[in-house]
Amino acid sequence: MEDRLHMDNGLVPQKIMSVRLQDSTLKEVKDQASNKQAQILEPKPEPSLEIKPEQDGMEHVGRDDPKALGEEPKQRRGSASGSEPAGDSDRGGGPIEHYHLHLSSCHECLELENSTIESVKFASAENIPDLPYDYSSSLESVADETSPEREGRRVNLTGKAPNILLYVGSDSQEALGRFHEVRSVLADCVDIDSYVLYHLLEDSALRDPWTDNCLLLVIATRESIPEDLYQKFMAYLSQGGKVLGLSSSFTFGGFQVTNKGALRKTVQNLVFSKADQSEVKLSVLSSGCRYQEGPVRLSPGGLQGHLENDDKDRMIVHVPFGTHGGEAVLCQVHLELPPSSDIVQTPEDFNLLKSSNFRRYEVLREILTTLGLSCDMKQVPALTPLYLLSAAEEIRDPLMQWLGKHVDSEGEIKSSQLSLRFVSSYVSEVEITPSCIPVVTNMEAFSSENFNLEIYRQNLQTKQLGKVILFAEVTPTTMRLLDGLMFQTPQEMGLIAIAARQTQGKGRGGNAWLSPVGCALSTLLISIPLRSQLGQRIPFVQHLMSVAVVEAVRSIPKYQDINLRVKWPNDIYYSDLMKIGGVLVNSTLMGETFHILIGCGFNVTNSNPTICINDLVTEYNKQHKAELKPLRADYLIARVVTVLEKLIEEFQDKGPNSVLPLYYRYWVHSGQQVHLGSTDGPKVSIVGLDDSGFLQVHQEGGEVVTVHPDGNSFDMLRNLILPKRR
């Protein structure tokens, strides 16, 4: 706002947000106003103090809700409407009034936002449903204690990517080994469905805008941290960032790390005080350092850890920073190392640490939970067999005949990555591995609560695409399932792989892709002639798929205002605020034909780690007093494939101009100004897509430049187009 908006008493607003007041609270505010005795609340000086208003989080819509669109009428599973937040009926009589705090108009917002290139993400041509803002101790996630459906899990509602970044010092083999050690122990603690752990290299930490996409920064190096990098870490803390120091030299707030050589590589007894003031006693491996008291006051009720020795050496401190909720937990005991670590010197030490290993994880989970992460423990699910299903009866017999001619003597079709063994039935004794998966051909044996074949059939209105289905409850990745079939199956079979859950999902550029239950996960096989409109413009395939996902939802009657969008080059967004899905395209040219695998995943019923379509539906119902039904993944996958086939037909018939109006209607970049490369890079305006599907930008006083998606990425949070560095 550039300090242009002020309030009484010289206050400057830090955020503008919608708030929902309970009836009793609202009456109290009115009474205060009428008596003209409202008092100004002055914040206490402790930097760790945070205000925690009652949350009104979005209600999770379960996949078993009988209102799920496309569910069979014969099924009766419950009566919850999903249109009101849990607990409202217990909040007293009378209707709840809504008072929203807004600028005078969206146009005014747009004018103010356009005055700075730093961000335009709160300006929109459409009304954006107000999502709950989190003022809890974690800026990135909030525990919705009022809703039993949350089961105590934290939900990231701020739109940040669910990234935990690990900084382990300079680039060396020793640092790489330390990275794997730290990553391994954290992966055992946090909810594997909600977070991705990345290695933060020193060069990248100085160059890239990682602070905007980091839920937790873990610093695990004894090396001194360069001054410019230290300032980056402190800037992240000042923005409300969370830091975990593991046997690191990093400190602040007047605390000092001092050596105590007698402790180095020795096993000591630690007394750890949890947030509820209960204590855990365990044997730990000391780093040889301790923390000395500084002038900054520790958080009341914060985590503490000291040795059971005469000096009661302080080994774990919980330090607040700034006024935006920044905080760090700093440790000088090796919580990151297993008892089998090379620096554990004697069998006696090993035994002591092994006996405390469970409590070591208890302490780590307490620290991570305090820093705002979910540590719900879940085992990686076991892989399940595939089922070969057909969406049309007339294709079943030709499919089985084709299989009979192409399997080997053992009933397998093999590729370089995977063997599919076709069997009439599956017995649990048969081992399933990522490289060898049984495929059950008997459709009568198929049943799944995550995929209803009849719903899929009813909503698939295609000539070819999506007719033959390979379905798995749990599989490594749907993209790999079609590897050995993509060059052999006839086009009219329209092969698609669908999974309820993936264990090794991949995104663009080698990024991990979180794939919990509730995502619509699929890989579709299509064939495009080289000498065709689309064959000459293959980059458009990812755009067509992205548009198909958005159109599949927004073309449902009454769902046209569910604000899904497309972001160049391959993402599906909620407005321009939060990513809700993505597309990955692999194409291979064989002769005169492109064989293309289109991988797609988008959140339908899973609120974690960011947001899902049914969250938007629920919020829309609250805002507009509507009764839109929650959606199902199988229903939407069928609609997406149907829309995609129509878009491909239109493109092949009339070229890019037949689909670009729909693409521009849904994309998030209209009139957007960005910087190329960095915040100091040249300022450009986004023009649109060129004839090949690449992004065009215009520099003031210059020419129109084409930006290729294979070499660049779009950073929505900073309005940057960043060249990829490999």
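Scoring rules and cut-offs
- Residues numbered from 1 in each chain as written.
- Predicted model: local features only at pLDDT ≥ 70, side-chain atom pairs only at ≥ 80, totals over all residues.
- Heavy atoms only, no water.
- Salt bridge = Lys/Arg side-chain N within 4 Å of Asp/Glu carboxyl O.
- Helix = DSSP H or I, 4+ residues; strand = E, 2+ residues; numbered from the N terminus.
- Buried < 20%, exposed > 50% of the residue type's maximum accessible area, 1.4 Å probe, protein only.
- pLDDT = per-residue confidence, 0-100.
- Contact = heavy atoms within 4.5 Å.
- Core = buried A, V, L, I, M, F, W, Y, C linked by side-chain atoms within 4.5 Å.
- Domains from an automatic or database assignment.
- Expected span 1.5 Å × (residues − 1).

Draft legend 1. The arrangement of the pattern of salt bridges in detail. Enumeration according to the criterion identifies 20 salt bridges in this entry. With a closest N to O distance of 3.3 Å, Glu362 and Lys274 form a salt bridge. In this pair, Glu362 is assigned in helix 7 (residues 357-370) and Lys274 in the loop between strand 8 (267-273) and strand 9 (279-285), connecting sequence segments 88 residues apart. Here Lys274 falls in the buried class, since its relative accessible area comes to 16%. A salt bridge links Glu410 to Arg421; the nearest nitrogen and oxygen atoms lie 3.6 Å apart. Taken together, the residues span a long stretch of sequence, with Glu410 in the loop between helix 8 (396-406) and strand 15 (412-414) and Arg421 in strand 16 (residues 419-423) at a distance of 11 residues.

Draft legend 2. Spotlight on the confidence of the model for the protein chain. Residues with a pLDDT of 70 or more make up 71% of the protein chain, whose mean pLDDT is 76. Across the protein chain, the secondary-structure element scoring lowest on mean pLDDT is strand 1 (residues 142-143), at 29, and the one scoring highest is helix 13 (residues 633-654), at 96. Counting interchain partners and residues more than four positions distant, the pLDDT-below-50 stretch residues 36-68 has 79 contacts. Long-range and interchain partners of residues 715-719, a stretch whose pLDDT sits below 50, account for 24 contacts in this model, where long-range means more than four residues apart.

Draft legend 3. The nonpolar core, seen in detail. With 82 residues, the main nonpolar core has Tyr456 and Ile469 as its most contacted residues. Residues from two domains meet in this core; each of domain 2 (386-666) and domain 3 (672-723) gives at least three. Once residues within four sequence positions are removed from consideration, Tyr456 is found in contact with Ala391, Phe451, Gly466, Ile469, Ile496, Ile498, Asp634, Ile637 and Ala638.

Draft legend 4. Focus on helix 13. The first and last C-alpha atoms of helix 13 sit 31 Å apart over 22 residues, in line with the 32 Å expected at 1.5 Å per residue. The buried fraction of helix 13 is high, at 16 of 22 residues.

Draft legend 5. Expanded view of the environment of Glu492. Looking at the element boundaries, Glu492 is found in the loop between helix 10 (478-481) and strand 19 (495-502). In the structure, Glu492 is positioned 26 residues away from Gly466 in sequence and 9.5 Å away in space, judged by C-alpha atoms. Setting aside residues no more than four positions away along its own chain, Glu492 makes contact with Ile395, Gln464 and Lys467.

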